Amino acid sequence: MDRRSFLKTSAFGGTAAAATTLAAPAYAQGKRTLTMVQSWPRGFAVLDDAASYMEKMVADMSDGTLTIDKKAPGELVGALEVFDAVSSGQADMYHSADYYFIGQHPAYAYFTAVPFGGTAQELTNWYYHGGGEQLHDELGQIFNLKGLLAGNSGSQSGGWFRKEINSADDFNGLKFRMPGLGGKVLGKLGASVQNIPGGELYQALSSGALDGLEWVGPMADERAGFQEVAKIYYAAGFHEPGSGLASSVNLDVWNDLSGQHQAILRNASMATTHIQLSETLSNNGAALARLQAQGVKVLQFSDDVWDAFGAASAEVMDENMGDSLFADVRASFEASMAASSSWINKSDGYYVSQRNRVLGG
Ligand code: CA
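None of the values given here were measured: they were computed from a predicted structure.

Cut-offs applied
Residues numbered from 1 in each chain as written. Predicted model: local features only at pLDDT ≥ 70, side-chain atom pairs only at ≥ 80, totals over all residues. Heavy atoms only, no water. Helix = DSSP H or I, 4+ residues; strand = E, 2+ residues; numbered from the N terminus. Rg over C-alpha atoms; globule rule 2.2 N^0.38 Å. Buried < 20%, exposed > 50% of the residue type's maximum accessible area, 1.4 Å probe, protein only. Core = buried A, V, L, I, M, F, W, Y, C linked by side-chain atoms within 4.5 Å. Contact = heavy atoms within 4.5 Å. Phe/Tyr/Trp six-rings, centres within 6.5 Å; stacked < 30°, edge-to-face > 60°. Axes fitted to C-alpha atoms, helices over the stretch in contact; angles between N-to-C directions. Parallel < 35°, antiparallel > 145°, perpendicular 65-115°, else oblique. Nonpolar A, V, L, I, M, F, W, Y, C, P; charged D, E, K, R; others polar. Salt bridge = Lys/Arg side-chain N within 4 Å of Asp/Glu carboxyl O.

Chemist: Just give me the short version of the overall build of the protein, but keep the residues and values in it.
Modeler: Looking only at helices and strands, one finds 13 helices and 14 strands in the protein. The C-alpha radius of gyration computed for the protein amounts to 20 Å, which stays within 12% of the reference 21 Å derived for 361 residues, consistent with globular compactness. The dimensions of the protein, computed from C-alpha atoms along their principal axes, are 60 × 45 × 40 Å. Within the protein, the fraction of its 361 residues that count as buried is 53%.

Pasting the structure below:
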């Protein structure tokens, strides 16, 4: 399916229908409030942290002339309904992870994370300096959205299990939660993959509806309490090496904002990524140590399992290449990765391996 046929067949009825259902903007005494529906419950570490930084920075930077009214799942729409709500104008903006919306368009995977994709820094390099932001907007045109990245999880963990994964065959029949293209990769290995919103995961793992799950990383996972119901934790994962969070805005709402308010939203989104990512990375190590103190066994997947992830990932990526916009986004992302990573591998990557060798680590 190319992007034109996608426009015609989109369940959203295109931008004209969206514009007619747009709610009246909330103006009061020259101030503007944007309703932001988010995919995370209040208090969820990393994710709600990012949404809350965005909320605070926009209010501070605009001296209160632009504010965000956060709505947690269930307050206006469900966790995974935020995209459609903003596309249609039911809400003004969302805070979520765009890979939840690969059903709307597979290229949305790239604005969160793809298997064997970029780290947080590599995603940011592409987004702001390699054409990513422009492609986010091109994709957003289909759905009446202005794309903004606001937050990053850093490198995500391999996930929570009740049994060790000693070969790729151990995924066969496993009821596992993993969204995005990573979930499709585990499907190739025989797993029964579901995407369940974060706020429902603890219950699903406790009840046995899931055999295992991936959520984010030590800081977020500890807060969610998964250590109470599973004791095996794989540290590194192939599926989300640096997941961007998105805070995209209904395009009609965006176009109606002043240039100053648009600049505040864009700059607040960039600052949100920086402050929330650094907060997360500065806390993950201590959180992992606390998980281990509670009896969690921390492991890494073997090279054989990583090789199976790699082969299945290549298949999944290639299966989406019939969509011209997916192909454009993939080519742009991979060109940026090749350009920036050639130096990163020789500098940061090599330096860290040498530091660990010399000092131990
Ligand atoms: Ca995740």
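Chemist: With reference to specific residues and values, describe the nonpolar core.
Modeler: Within the largest apolar cluster, 81 residues are counted, with the highest numbers of intra-cluster contacts made by Tyr94, Tyr110, Phe111, Phe161, Phe171, Leu186 and Trp215. Broken down by element, the residue count for this core peaks at six residues, all from helix α12 (residues 303–319). Not counting the four nearest positions on each side in its chain, Phe111 is found in contact with Asp98, Trp126, Tyr127, Gly132, Leu135, His136, Leu139, Leu149, Gly244 and Val329. Grouped together as the second largest cluster of nonpolar side chains are 19 residues, Met36, Met57, Leu148 and Leu265 included.

Chemist: Quick one: what's the story with the packing of aromatic side chains, residue by residue and with numbers?
Modeler: Per the stated rule, a full pass over the model turns up 31 aromatic pairs. Aromatic pair Tyr108 and Phe143: ring centres 5.8 Å apart, planes at 50°, arrangement tilted. Pair noted here: Tyr108 is in the loop between β4 (93–95) and α5 (120–129) and Phe143 is in helix α6 (residues 132–143), with a separation of 35 residues, a long-range link. We note that Tyr108, like Phe143, is buried. With centroids separated by 6.3 Å and ring planes inclined at 80°, the aromatic side chains of Phe111 and Tyr127 adopt a geometry described as edge-to-face. Of the two residues, Phe111 sits in the loop between β4 and α5 while Tyr127 sits in helix α5, which places them 16 residues apart along the sequence. Across the pair, Tyr127 and Phe111 agree in class, each one buried.

Chemist: Give me the lowdown on the packing of α5 against α6, citing residues and values where you can.
Modeler: With their axes 4 Å apart at the nearest point, α5 and α6 run at an angle of 70° to one another. In terms of orientation, α5 and α6 fall into the roughly perpendicular class. Residues Trp126, Tyr127 and Tyr128 of α5 lie in contact with α6, whose contacting residues are Gly132, Glu133, Leu135 and His136. Across the contact of α5 with α6, the residue classes tally to four nonpolar, two polar and one charged.

Chemist: Just give me the short version of the pattern of salt bridges, but keep the residues and values in it.
Modeler: Counted by the stated rule, this structure contains 14 salt bridges. Residues Glu164 and Lys297 are paired through a salt bridge, measuring 2.6 Å at the closest nitrogen-oxygen approach. Residue Glu164 is located in the loop between β7 (159–161) and β8 (175–177), and its partner Lys297 is located in strand β14 (residues 297–299); the two are separated by 133 residues in the primary sequence. The class for Lys297 is partly exposed, based on a relative accessible area of 43%. A salt bridge links Glu222 to Arg290; its shortest N-O distance comes to 2.7 Å. Of this pair, Glu222 sits in helix α9 (residues 218–224) while Arg290 is found in helix α11 (residues 259–293), placing the two residues 68 residues apart along the sequence. A single network of salt bridges, built from pairs that share partners, joins Lys188, Glu315 and Glu319.

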